[in-house]
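# Geometric and topological summary
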Amino acid sequence: AAGLIQIVEDEFDGQEMTFFQGVYFVVVTITTVGYGDYAPITTLGQQLTVVLILFTFIIIPLQAQTLAELIRQRPRHRGR
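The following refers to the structure shown. (Residues numbered from 1 in each chain as written. Predicted model: local features only at pLDDT ≥ 70, side-chain atom pairs only at ≥ 80, totals over all residues. Heavy atoms only, no water.)

Scanning the protein chain from terminus to terminus reveals three helices and two strands. Along the chain direction, N to C, the helices and strands of the protein chain fall in the order α-β-β-α-α. Expressed as a percentage of contacts within the protein chain between residues at least 6 apart in sequence, the contacts between residues at least 24 apart total 44%. Summed over all atoms, the accessible surface of the protein chain reaches about 6,400 Å², with 62% contributed by carbon and sulfur. (Helix = DSSP H or I, 4+ residues; strand = E, 2+ residues; numbered from the N terminus. Contact = heavy atoms within 4.5 Å. Areas by Shrake-Rupley, 256 points an atom, 1.4 Å probe, with all protein chains shown as cover.)

Okay, structure coming up:
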């Protein structure tokens, strides 16, 4: 996701957006902190951000549910 943001939003404040800035933006957005220091400027960047947020709201609960099921199914007595 960070690489896509970097490609789509190729400039930030008149400078080329670095990969780290893309990673930072994705982490801040996914964790809903939203500092606002980086924001997509282009329409494509804004659309990509919406997809990223929706994808996160779908995938994380599914993964949490799968993890909970695996924990419930593990053997009660390990090592025997």
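Additional details are given in the paragraphs that follow.
For Asp37, the location among the structural elements is in the loop between α2 (19–30) and α3 (43–73). Remark: the alpha-carbon pair of Asp37 and Phe25, spanning twelve residues in sequence, is separated by 8.6 Å. Among the polar contacts listed, one links the side chain of Asp37 to the side chain of Tyr24, at a separation of 2.9 Å. (Polar contact = N/O pair within 3.5 Å; in protein donor to acceptor, adjacent residues only side chain to side chain.)

Below, the discussion takes up the packing of α2 against α3. Orientation of α2 relative to α3, taken along the N-to-C sense of each, is 50°, at an axis distance of 10 Å. When the axes of α2 and α3 are compared, the pair comes out oblique. Regarding α2 and α3, the two cross each other, and that crossing is right-handed. Where α2 approaches α3, its residues Phe25, Val26, Thr29 and Ile30 are matched on the opposing element by Thr49, Leu52, Ile53 and Thr56. Taken together, the residues that form the contact of α2 with α3 break down as five nonpolar, three polar and no charged. (Axes fitted to C-alpha atoms, helices over the stretch in contact; angles between N-to-C directions. Parallel < 35°, antiparallel > 145°, perpendicular 65-115°, else oblique. Left-handed = near helix turned anticlockwise from the far one by under 90°. Nonpolar A, V, L, I, M, F, W, Y, C, P; charged D, E, K, R; others polar.)

The next point concerns the nonpolar core. Ala2, Ile5, Met17, Phe25, Val26, Tyr38 and Leu52 together form the largest nonpolar core, which totals seven residues. Contributions of two or more residues to this core are made by α1 (2–8) and α2. Excluding residues that lie within four positions of it along the chain, Ala2 makes contacts with Phe19, Gly22, Val23 and Val26. (Core = buried A, V, L, I, M, F, W, Y, C linked by side-chain atoms within 4.5 Å. Buried < 20%, exposed > 50% of the residue type's maximum accessible area, 1.4 Å probe, protein only.)

This paragraph deals with α2. For α2, spanning twelve residues, the distance from its first C-alpha to its last is 16 Å, which sits close to the expected 16 Å at 1.5 Å a residue. When α2 is considered as a whole, its buried residues turn out to be Gln21, Gly22, Phe25, Val26, Val28 and Thr29. Of the surrounding elements, those touching the buried residues of α2 are α1, β2 (15–16) and α3. (Expected span 1.5 Å × (residues − 1).)

With that settled, the discussion passes to the side chain of Thr29. Relative to the assigned elements, Thr29 resides in helix α2. You can call Thr29 buried: its relative accessible area is 16%. In this structure the side chain of Thr29 is engaged in a polar contact, spanning 2.7 Å, whose partner is the backbone oxygen of Phe25. Once you skip the residues sitting within four places of it in the chain, Thr29 turns out to touch Thr49 and Ile53.

Purely geometric stuff here, so don't read any function into it on its own.
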